[in-house]
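# Inside the fold
Given next are the chains, with one letter for each unit.
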Amino acid sequence: MTPYDEQQLAKLLAALPPAPEGWVRAAQALPKARAELDTIVERALADEAYRAKVVADLEAAVRESGQEPDAARVAALRARLAENE
Amino acid sequence: MSQASSSDAQLVARCRDGDQRAWEELVERFSRYVYAIATQAFRLAPDDAEDVFQEVFARVYEKLDTLRDDEAIRPWIAQLTRRLAIDRIRASGREQPSEDELEAPEASDTMATLDEALSVHEALAGLSENCREILDRFFARDESYRTIGEALGLPGGTIASRISRCLVKLRELYEGRNEPLGASSGRVHT
């Protein structure tokens, strides 16, 4: 048996199954998602009426920006608006 | 599947320059590692593992500028995942003791194994695309000979011998660039 046993290599290959595709896609889309939240926050800072509308329905604001209004994105928008109060 | 077309440091530098494709590649390169640490070393439930997974990459994205050594992205990601997994366990109320006690005794061993596994996975990039696909599909994706044969347009009866040949090639490749397995340098600093 060599120090680099093929069975060991096989076990190590098996130790890294792919992460769920949706998780990977969401993480890959992070920069775009951040940019879209930036746009919402900037507009909300400049337009009081728009800000009130966003605060009243965060999910709708996220959806209108073209993103899925999942809990993480809605929470991120809420946090970003709170930071800029 | 990730291919080490650029070094970790080069990839980090491109991400820092705002290269979206580089970010996607970085996520692809480390996604299995983060996932495995969360689910195997810390045995998080799927919902918790997903939150930790997304939080790790969100922190990496936000804090990339603070990384002092671009080559250190891998241990940094490992450490970040470990900390966030421990925070998650603590927050879930599953356990309340100290950080050392929160970490299962075998967690550091598992993290060292996963570090070695990531090195092997990266070594796949040196094989032909066909070998990469066959080995990844069979071992990491747990696909059957039949599924692999259908996906790659190969006779099912040849898959076993191809796996064997590709493993030999991987061993030769890995042997040429690493210390023997089991003599890991413990690159993950915990």
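Residues numbered from 1 in each chain as written. Chains lettered and ligands numbered in written order. Predicted model: local features only at pLDDT ≥ 70, side-chain atom pairs only at ≥ 80, totals over all residues.

## Some remarks on the overall build of chain A
Tallying secondary structure elements over chain A gives six helices and zero strands in all. What you see for chain A is a C-alpha radius of gyration of 21 Å, clearly larger than the 12 Å of a compact globule of 85 residues, by over 25%. A buried classification covers 25% of the 85 residues belonging to chain A. In chain A, the share of contacts with a sequence separation of at least 24, taken over all contacts with a separation of at least 6, comes to 47%. (Helix = DSSP H or I, 4+ residues; strand = E, 2+ residues; numbered from the N terminus. Rg over C-alpha atoms; globule rule 2.2 N^0.38 Å. Buried ≥ 20, exposed ≤ 12 C-beta atoms within 10 Å, placed from the backbone. Contact = placed C-beta atoms within 7 Å.)

## Topic: the packing of helix α3 (residues 30-46) of chain A against helix α6 (residues 71-83) of chain A
Residues and elements named next belong to chain A. At a minimum axis distance of 10 Å, the contact between α3 and α6 shows a crossing angle of 40°. The angle between α3 and α6 places the two elements in the oblique class. Note that α3 runs across α6; the crossing there is right-handed. When α3 is examined against α6, the residues A33, L37, I40, V41 and A44 are found in contact with a partner set consisting of R73, A76, L77, R80 and L81. Tallied by class, residues from the contact of α3 with α6 come to eight nonpolar, no polar and two charged. (Axes fitted to C-alpha atoms, helices over the stretch in contact; angles between N-to-C directions. Parallel < 35°, antiparallel > 145°, perpendicular 65-115°, else oblique. Left-handed = near helix turned anticlockwise from the far one by under 90°. Nonpolar A, V, L, I, M, F, W, Y, C, P; charged D, E, K, R; others polar.)

## With respect to the confidence of the model for chain B
When the pLDDT values of chain B are averaged, the result is 86; 84% of them are 70 or greater. Confidence drops under a pLDDT of 50 for residues 181-190 of chain B, and excluding neighbours within four residues, the segment shows 20 contacts in the predicted structure. (pLDDT = per-residue confidence, 0-100.)

## Concerning the interface of chain A and chain B
With 23 residues of chain A at the contact, the number on the chain B side is 35 residues. Elements supplying a minimum of two residues to the side of chain A that touches chain B: α1 (6-14), α2 (21-28) and α3 of chain A. Element by element, the count of residues in the side of chain A that touches chain B is highest for α1 of chain A, at seven residues. Tallied by class, residues from the side of chain A that touches chain B come to 19 nonpolar, two polar and two charged.

## Focus on the packing of helix α7 (residues 129-140) of chain B against helix α8 (residues 145-152) of chain B
All names here are of chain B. Relative orientation of the contacting elements α7 and α8 amounts to 145°, with a least axis distance of 10 Å. Note that α7 runs across α8; the crossing there is right-handed. Across the interface between the two elements, E133, I134, R137 and F138 from α7 touch I148, A151 and L152 from α8. Counted by class, the contact of α7 with α8 contains five nonpolar, no polar and two charged residues.

## A look at unusual backbone geometry
All names here are of chain B. Even without being a glycine, R43 presents a positive backbone phi close to 50°. With respect to the helices, strands and loops of the structure, R43 is situated in the loop between α2 (20-41) and α3 (46-63). Not every positive phi belongs to a glycine, and D142 is a case in point at roughly 60°. Tracing the backbone through its elements, the reader meets D142 in the loop between α7 and α8.

## Section: α7 of chain B
The end-to-end C-alpha distance of α7 of chain B, which contains 12 residues, comes to 15 Å, matching closely the 16 Å that a straight helix rising 1.5 Å per residue would cover. The complete set of buried residues in α7 of chain B reads C131, I134, L135, D136, R137, F138, F139 and A140 of chain B. Buried residues along α7 of chain B sit in contact with α1 of chain A together with α8 and α9 (159-175) of chain B. (Expected span 1.5 Å × (residues − 1).)

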